[in-house]
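Summary of structural features
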Amino acid sequence: MASTQDKPGRPGLSIDGLIAELQALSQISEAEPPVVTRLVFSEADRRARAYVKGLCAAAGLAVQEDAIGNTFARWQGSEPGLAPVGTGSHIDAIPNAGLYDGCVGVLGGLEAIRVLQQLGFKPRRSIELVIFTAEEPTRFGIGCLGSRMMASVLTPDQALALRDKEGRGLEELRAGAGFTGALESVALAAGRFDKFIELHIEQGPLLEQEGIDVGLVTHIAAPASLRIVIEGEGGHAGGKLMPGRKDALVAAAELILALELTAKSTGAIDTVGTVGVCEVFPGAVNSIPSRVRLETDIRDTDRARRDRVLDALRAACTDVAARRGVTITTALVNADPPATCDPMIVAALEASAVEAGKTCKRMVSRAYHDSLFMARIAPVAMLFIPCRGGVSHRPDEYASPGWIGSGVHVLARTLARLAS
Ligand code: GLV
Ligand code: MN
Ligand code: MN
């Protein structure tokens, strides 16, 4: 990477500097480092935002935030009237996460801008770094909150109805983090961005296994989430005999197994089903569980096949409720369609990879990303880099400096191409 002292941005750019920034960001965590946990609107999230905004300002970018905290850092082009080329990702992190998910796309996107600055590149279109609010569903149960609202997929009224586990609403929580103003203003018009590219770790094993530098994402799989609440009958774990029990957790166990079976039996390796949350009430060892809340995550590259798994899970709820005498209610949190990446941007990424001497392959993203929603309002594509063992959403998530450098290199060339 270029190294000069007299242009905006971090002096003497090097991959070591970017890795140091990623490390510094990872220290801003609700968990003991190296474990990263950054719940949206938490104190750690606010400090992480301040850190990244400071880096953006140091690079001479004009920083703005919307009413929900989506952050836009603009490098003004020579024709400010033209819609910008966007890049970016998220900095919130699920509990017990690592330091690369999302952050590589934010700090790597910033690095790509700084590299171009230091090379003396003058963009015609502005280049805008976007830091999306709450890509992770941890706090409000729904993923991609910021980009979902930008794309008008979630209305302000629906957003205001969101609650976290403690029953705190979006209004209170965003205000506590300093974000006010009409939620209506978060929605962006199609055309606000000319194009958008998200750099991200693969979160799967293929690039590393095949020794390929970068992945060019052509499609993003369709995620869905069904929330299930089971109401049974509690009581004394010693006094209440087994016949006639209405144990909500045993009913939940049947549903968890039903989801696994259904997801495995579609015949497609692309179908996945997970129960990531199981809350048991009252949660005492000598008390029969009277209420259980499950949060399920179901995905597929094929939307109809994904929907058949959702239907089968609902049917299992009906069946288990009848057999066990419990009450089961379900609420569909989201069932999003898949997204197709723009072939022209994918081709631009490929041309840039070839120019940079990097190997690449086209692939599907099985994880969801803010690009899933940006695709509703702009042509998008994603650039993947390998991550060790395909591991993600764990503290041992790892991407090597070489992998990150390759991603930034290809991204920078592509941004230059699209902003010229
Ligand atoms: C994003 O974090 C996902 O769960 O795919
Ligand atoms: Mn994630
Ligand atoms: Mn992510």
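Residues numbered from 1 in each chain as written. Chains lettered and ligands numbered in written order. Predicted model: local features only at pLDDT ≥ 70, side-chain atom pairs only at ≥ 80, totals over all residues. Heavy atoms only, no water.

The next subject is the overall build of the protein chain. In terms of regular secondary structure, the protein chain is built from 12 helices and 17 strands. Over its C-alpha trace the protein chain gives a radius of gyration of 23 Å, about what one expects of a compact globule, namely 22 Å for 420 residues. For the C-alpha atoms alone, the extent of the protein chain along its principal axes is close to 80 × 45 × 40 Å. Relative to its full complement of 420 residues, the protein chain shows a buried share of 54%. Contacts spanning at least 24 positions in sequence make up 77% of the contacts within the protein chain whose residues lie at least 6 apart. Accessible surface, the protein chain: about 16600 Å² in total, of which carbon and sulfur atoms supply 55%. Looking at charge distribution, the protein chain has the averaged site of its 44 positive side-chain charges lying 1 Å from that of its 49 negative ones. (Helix = DSSP H or I, 4+ residues; strand = E, 2+ residues; numbered from the N terminus. Rg over C-alpha atoms; globule rule 2.2 N^0.38 Å. Buried < 20%, exposed > 50% of the residue type's maximum accessible area, 1.4 Å probe, protein only. Contact = heavy atoms within 4.5 Å. Areas by Shrake-Rupley, 256 points an atom, 1.4 Å probe, with all protein chains shown as cover. Lys, Arg positive; Asp, Glu negative; His and termini not counted. Charge placed at Lys NZ, Arg CZ, Asp CG, Glu CD.)

With that out of the way, let us pick up the packing of helix 8 (residues 248-264) against helix 9 (residues 303-324). Look at helix 8 against helix 9: their axes get within 10 Å of each other, and the N-to-C directions meet at 150°. Looking at the two axes, helix 8 sits roughly antiparallel to helix 9. Two packed elements cross with a definite hand, and for helix 8 against helix 9 that hand is right-handed. Each of V250, A251, E254, L255, A258, L259 and T262 in helix 8 lies in contact with helix 9, whose residues at this interface are V309, A312, L313, A316, C317, V320, R323 and R324. Of the residues in the contact of helix 8 with helix 9, the class split is 11 nonpolar, one polar and three charged. (Axes fitted to C-alpha atoms, helices over the stretch in contact; angles between N-to-C directions. Parallel < 35°, antiparallel > 145°, perpendicular 65-115°, else oblique. Left-handed = near helix turned anticlockwise from the far one by under 90°. Nonpolar A, V, L, I, M, F, W, Y, C, P; charged D, E, K, R; others polar.)

Once that is clear, we can look at the site of ligand 1. In the region of ligand 1, the neighbouring residues are E135, E136, R299, A367, Y368 and H393. Within the side chain of R299, an N or O atom sits 2.6 Å from an oxygen atom of ligand 1. For ligand 1, an oxygen atom lies 2.9 Å from a polar atom in the backbone of Y368. When ligand 1 is considered free in solution it has 190 Å² of accessible area, and contact with the protein chains removes 92% of it. (Near = heavy atom within 4 Å. Polar contact = N/O pair within 3.5 Å; in protein donor to acceptor, adjacent residues only side chain to side chain.)

This brings us to the nonpolar core. Ranked by size, the top nonpolar core spans 103 residues in total, and within it L22, F41, F140, L145 and I404 carry the most contacts. When residues of this core are assigned to their parent elements, the largest contribution, nine residues, is made by helix 12 (residues 401-419). In contact with F41, not counting residues within four places along its chain, are R46, R49, I68, T133, R139, F140, L170, L173, R174, A177 and F179. The next biggest cluster of nonpolar side chains, apart from the first, holds 22 residues, and it includes I228, A251, L313 and V320. (Core = buried A, V, L, I, M, F, W, Y, C linked by side-chain atoms within 4.5 Å.)

The coordination sphere of the manganese ion (ligand 3) contains the protein donors H90 (NE2), D101 (OD) and H200 (NE2), at a distance range of 2.0 to 2.2 Å. All donor residues of the manganese ion (ligand 3) come from one chain, and their arrangement in sequence is H-x10-D-x98-H. Metal-to-metal, the separation of the manganese ion (ligand 3) and the manganese ion (ligand 2) is 3.7 Å; D101 coordinates the two. Here the residue D101 occupies a position in the loop between strand 5 (93-97) and helix 3 (103-118), and H200 occupies one in strand 7 (residues 195-201), the gap between them amounting to 99 residues. Among the residues examined, D101 registers a relative accessible area of 8% and is labelled buried. (Donors = N, O, S within 2.8 Å, 3.2 Å for Na, K, Ca; no water.)

Strand order in the open sheet formed by four strands is 11-13-9-14, with antiparallel pairing between adjacent strands. Every interior strand has two partners, whereas the edge strands, strand 11 (272-281) and strand 14 (327-335), have only one. On average, each strand axis in the sheet is tilted by 15° relative to the strand beside it, whichever way the strands run. In terms of strand pairing, strand 9 (residues 222-231) meets strand 13 (residues 291-300) through 10 bridges, oriented antiparallel. Bridge pairing in strand 13 links S225 to D297. Taken strand by strand, helix 8 contacts strand 9, strand 11, strand 13 and strand 14, and its axis lies near 5° from that of strand 13. (Pairing = 2+ DSSP bridges.)

The predicted model of the protein chain averages 96 in pLDDT, with 97% of residues at 70 or higher. Below pLDDT 50 for its whole length, residues 1-6 participates in 17 contacts with residues either more than four positions away or in separate chains. (pLDDT = per-residue confidence, 0-100.)

Moving on to the coordination of the manganese ion (ligand 2). In the first shell of the manganese ion (ligand 2), the protein supplies D101 (OD), E136 (OE) and H393 (NE2), at 2.0 to 2.1 Å from the metal. Its relative accessible area of 37% is what places H393 among the partly exposed residues.

What follows concerns the pattern of salt bridges. With the rule as written, the count across this model stands at 32 salt bridges. For D336, the salt bridge goes to R148, with nearest N and O atoms at 2.8 Å. One end of the pair, D336, is in the loop between strand 14 and strand 15 (339-340); the other, R148, is in helix 4 (residues 145-150), with 188 residues separating them in the sequence. Judged by its relative accessible area of 4%, R148 is buried. Residue E350 pairs with R362 through a salt bridge whose shortest N-O separation is 2.5 Å. Of this pair, E350 sits in helix 10 (residues 343-355) while R362 sits in strand 16 (residues 360-365); the two residues are 12 residues apart in sequence, bridging distant segments of the chain. On the basis of relative accessible area, R362 is assigned to the partly exposed category, the value being 44%. The network of salt bridges with shared partners includes R227, E279, R293 and E295. (Salt bridge = Lys/Arg side-chain N within 4 Å of Asp/Glu carboxyl O.)

Moving on: the packing of aromatic side chains. Inspection of every chain in the model, using the stated rule, returns six aromatic pairs. Geometrically, the ring pair formed by Y100 and Y398 is edge-to-face, given 6.0 Å between the ring centres and 80° between the ring planes. A residue pair is termed long-range when its members are at least 10 positions apart, and Y100 in the loop between strand 5 and helix 3 and Y398 in the loop between strand 17 (380-385) and helix 12 qualify at 298 residues. Classification of Y100 by relative accessible area gives buried; the value is 6%. Assessed through its relative accessible area of 28%, Y398 is described here as partly exposed. (Phe/Tyr/Trp six-rings, centres within 6.5 Å; stacked < 30°, edge-to-face > 60°.)

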